[in-house]
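# Geometric and topological summary
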Amino acid sequence: KKSCVKAAKEHSIPKDLSKVLENKVLEKVLDLSLVKLSVVEMTCSGDADSEGILSKSASSHSDLIPGVYEGGLKIWECTFDLMEYFSEAEIGFTNKTVLDLGCGAGLLGIVALQGEAARVHFQDYNSTVIDEITLPNVVANCINGGRRMGRGEDRKASKPPSKRPRKAEGSSEVLGRCRFFSGEWSQVSQLLLNSNEPCSKYDIILTSETIYNPDCYSALHDTLAQLLDKNGRVYLASKVHYFGVGGGIYLFEKFIEEKNVFTTSIVKTIDQGLQRCIMEIAFKNSC
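Counting restarts for each chain, with residues numbered from 1 along the sequence as it is written. Local features in this predicted model are restricted to residues whose pLDDT is 70 or higher, and side-chain atom pairs enter the listing and the counts only when it is 80 or higher, whereas totals over whole chains, interfaces and linings include all residues. Only hydrogens and water are set aside when side-chain values are computed; all heavy atoms of the structure are taken into account.

## Focus on the overall build of the chain
Test applied: Every helix listed is a DSSP run of H or I at least four residues long, and every strand listed is a run of E at least two residues long, numbered separately from the N terminus. Type-normalised accessible area, obtained with a 1.4 Å probe on protein chains alone, sets the label of each residue: buried when under 20%, exposed when over 50%, and partly exposed for intermediate values. Residue contacts are counted whenever heavy atoms from the two residues lie within 4.5 Å of one another. Note that accessible areas follow from Shrake-Rupley with a 1.4 Å probe, and for residues the cover is restricted to the protein chains shown.
The secondary structure content of the chain amounts to 9 helices and 10 strands. Within the chain, the proportion of its 287 residues that are buried is 51%. Within the chain, contacts between residues at least 6 apart in sequence are counted, and of these 70% link residues at least 24 apart. Carbon together with sulfur atoms contributes 49% to the accessible area of the chain, which is approximately 13200 Å² in total.

The structure is reproduced here in structure tokens:
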């Protein structure tokens, strides 16, 4: 079995935020401003993609190369399921500390920021994804959303995105609440826990389409156990079964039950297309 281990790294936020959106084209997805992935794939090379995941993904015609590229260049459908569930279940992010685990484009964390989360940390396996997609997406919504992500009363005043980044007014306060990490889950956990900066546990951990590979269940479980606040909640979105890879919601649920650390609850099932589920996870005996 191939190891899932990849060293952790924290990504600094550039002082000149306009540089983050250079050569990026923005598009609207569910009222969010996101960099167009097809343009990133065409323009990103060399030092900007030191991992070579764009060429490797293209040459192998695969959205997943275990231990090399873990799918962060694509927005998977369960992400949208989870975003919809936030609204339906009225999940509150105000003043919460949130981790977007396996963040990819970072949509879940951006929604948490819009919901006035106190802190949002973004993690993806690949550093290229963080630098070329996640961070630009967060910056794009800080800039192009005007004050929407600052103070809630101004959200309705947002303007459509522009292909050219505007002056990054009002964005520093929001970005001051964010940190960005790449690397394998257990490595990122250790980086956070051993950091000189205080690492309070997360009130909410959000994760979508991250349980396709059963070989990584132990690392994921341990990461949740180490980083979730004692009364925190994990919201996990997944397909019922990942054909050709072997993972799925019920296999992961069984894994969690055997560990006897968490309780789980399937809070929503989506039957359109491939069946998908949203699971809520909490520590046993939590409030």
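## Concerning helix α4 (residues 107–114)
Here α4 lies mainly inside the structure; 8 of its 8 residues are buried. All of the buried residues along α4 are Leu 107, Leu 108, Gly 109, Ile 110, Val 111, Ala 112, Leu 113 and Gln 114. Where α4 terminates, the next one or two residues include Glu 116, which has phi positive at roughly 70°.

## A word on the confidence of the model for the chain
We apply this condition: A score between 0 and 100, pLDDT records how confident the predictor is in each residue.
Scored by pLDDT, the chain has a mean of 83; 77% of the residues are at 70 or more. Counted against residues more than four places away or in other chains, residues 150–170, with its pLDDT under 50, gives 35 contacts.

## Brief notes about the sheet that holds strand β5 (residues 119–124)
Through backbone hydrogen bonds, the strands of a sheet pair up, either in parallel or in antiparallel fashion. The condition is simple: Strands are treated as partners if at least two bridges between them are detected by DSSP. Inter-axis angles, ranging from 0 to 180 degrees, are taken between N-to-C directions of lines fitted to C-alpha atoms, where helices are fitted over the stretch in contact.
Spatially, the 8 strands line up as an open sheet ordered β1-β6-β5-β4-β7-β8-β10-β9, and their pairing is mixed. Bordering the open sheet on either side are β1 (9–11) and β9 (262–270), each of which pairs with just one other strand. Put simply, the sheet's adjacent strands are angled 20° from each other on average, direction ignored. Examined bridge by bridge, strand β7 (residues 202–208) and strand β8 (residues 228–239) share 6 bridges and lie parallel to one another. The partner of Thr 207 across the bridge, within β8, is Leu 236. Of the strands in this sheet, β4 (97–101), β5, β6 (178–182) and β7 are in contact with α4, which crosses β5 at around 175°. Contacting β8, β9 and β10 (276–283), helix α9 (residues 249–259) crosses the sheet at an angle of about 15° to β10.

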